[in-house]
Amino acid sequence: MDSMIWLAVGILFFEFLEIPIGHFEARTRIMKIGQDIVQHMGRFTLDGVTKLSTGQIVSEHSGYTQSVIEKGEGAIISMVEMVLQDFLPTIAKSVVTVIALLFLNPSLATITAITALFYIVVSIKLNLRHGFDLKIFRQMENETDKDFTDIIRNLVLVQLNAQEKRVAHEYNVRMNGQNDFFKKITMDYVTSLTFFREP
């Protein structure tokens, strides 16, 4: 009975402790990180782009380059936000839980720590295994974006040569291949998560 009281007190303590920690985390994210990431990424991108020669800037692939830059910026910003909003708070809560369990029930704390470690190792292995396919998909996506940009930029020539249907068909075939590949790799990843990590 005594340990149940301590467990209840510990749970209440950590619940109340989560309020100022959550406020501190949200304040830090808003005041120090949020828009600053966007600003720094924009400045970093402009620093790199302004070093290009005039020929590189006006080359036929400038639309492709812009698409790649925008996706890269978006991916980095999303990754930083995910780490700050999802990953770090979860890790912090897990560590606090294991520490609290150490005082209440060391065996349960050991089992919890081993399970969490196993979960992390399996997640990393699965992400590494499926990362190569995702890289191939990103290359396909960039090529498709380049084609789309080229079509829009040269739309007058396409119309003058009466090639609208051919161009639309070729683009549609490429998009179908890209979408089918994305569905395949995504379902492979979800299946791996469902049967290897989640049980």
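Turning next to the overall build of the chain. Counting secondary structure elements, the chain contains 6 helices and 0 strands. Helices and strands in the chain line up, N terminus first, as α-α-α-α-α-α. Within the chain, the fraction of its 199 residues that count as buried is 14%. Sequence separation of 24 or more characterises 81% of the internal contacts of the chain that already satisfy a separation of 6 or more. Accessible surface, the chain: about 15000 Å² in total, of which carbon and sulfur atoms supply 69%.

For the structure on display, the rule yields 2 aromatic pairs. With a centroid separation of 4.9 Å and an interplanar angle of 40 degrees, the aromatic rings of F137 and F182 are classed as tilted. Remark: F182 occurs in helix α6 (residues 164-197) and F137 occurs in helix α4 (residues 106-153); sequence separation between them is 45 residues. The class of F137 is buried, set by a relative accessible area of 5%. For F182, a relative accessible area of 37% puts it in the partly exposed group.

What follows is about the environment of M140. Along the chain, M140 turns up in helix α4. The exposure class assigned to M140 is partly exposed, which follows from its relative accessible area of 27%. Expressed as a C-alpha distance, the spacing of M140 and Q178, which sit 38 residues apart in the sequence, is 6.5 Å. Apart from residues lying up to four places away in sequence, M140 is in contact with G177, Q178 and F181.

Scored by pLDDT, the chain has a mean of 76; 72% of the residues are at 70 or more. Considering each helix and strand of the chain separately, the mean pLDDT is smallest for helix α2 (residues 54-57), with a value of 64, and largest for α6, with 85.

Let us look at the layout of surface pockets. When its volume is computed, the largest pocket comes out at roughly 820 Å³. Broken down by secondary-structure element, the contributors of at least two residues to the lining of the largest pocket are α1 (2-49) and α3 (62-104). In terms of residues, the lining of the largest pocket owes the most to one element, α1, which gives 17 residues. Among the residues forming the lining of the largest pocket, the class breakdown is 19 nonpolar, 4 polar and 5 charged.

Our next topic: the pattern of salt bridges. Scanning the entire structure with this criterion turns up 5 salt bridges. Between D147 and R174 there is a salt bridge, with the nearest N and O atoms lying 2.4 Å from each other. A residue pair is termed long-range when its members are at least 10 positions apart, and D147 in helix α4 and R174 in helix α6 qualify at 27 residues. Owing to a relative accessible area of 23%, D147 belongs among the partly exposed residues under this scheme. Across the pair D188 and K184 runs a salt bridge, and its minimum N-O distance is 3.1 Å.

Right, let's get into α4. In this model, α4 (48 residues) spans 66 Å end to end at C-alpha, consistent with the 70 Å of a helix rising 1.5 Å per residue. Within α4, the axis deviates most sharply at G131, by approximately 35 degrees. The set of residues buried in α4 consists of A109, V122, S123, L126, H130, F137, E141, N142, T144, K146 and D150.

Moving on, we come to the environment of I21. Relative to the elements of secondary structure, I21 occurs in helix α1. According to the relative accessible area criterion, I21 is partly exposed, its value standing at 48%. Along the chain, I21 and P89 lie 68 residues apart, while their C-alpha atoms are 9.6 Å from each other.

The rules we used
- Residues numbered from 1 in each chain as written.
- Predicted model: local features only at pLDDT ≥ 70, side-chain atom pairs only at ≥ 80, totals over all residues.
- Heavy atoms only, no water.
- Helix = DSSP H or I, 4+ residues; strand = E, 2+ residues; numbered from the N terminus.
- Buried < 20%, exposed > 50% of the residue type's maximum accessible area, 1.4 Å probe, protein only.
- Contact = heavy atoms within 4.5 Å.
- Areas by Shrake-Rupley, 256 points an atom, 1.4 Å probe, with all protein chains shown as cover.
- Phe/Tyr/Trp six-rings, centres within 6.5 Å; stacked < 30°, edge-to-face > 60°.
- pLDDT = per-residue confidence, 0-100.
- 1 Å grid on protein atoms, 1.4 Å probe; cavity = no way out; pocket = protein on both sides within 12 Å on 5 of 7 lines; lining within 4 Å.
- Points joined across faces, edges and corners; volume = space filled by probe spheres on them.
- Nonpolar A, V, L, I, M, F, W, Y, C, P; charged D, E, K, R; others polar.
- Salt bridge = Lys/Arg side-chain N within 4 Å of Asp/Glu carboxyl O.
- Expected span 1.5 Å × (residues − 1).
- Bend = angle between axes of the 7 residues up to and from the residue.

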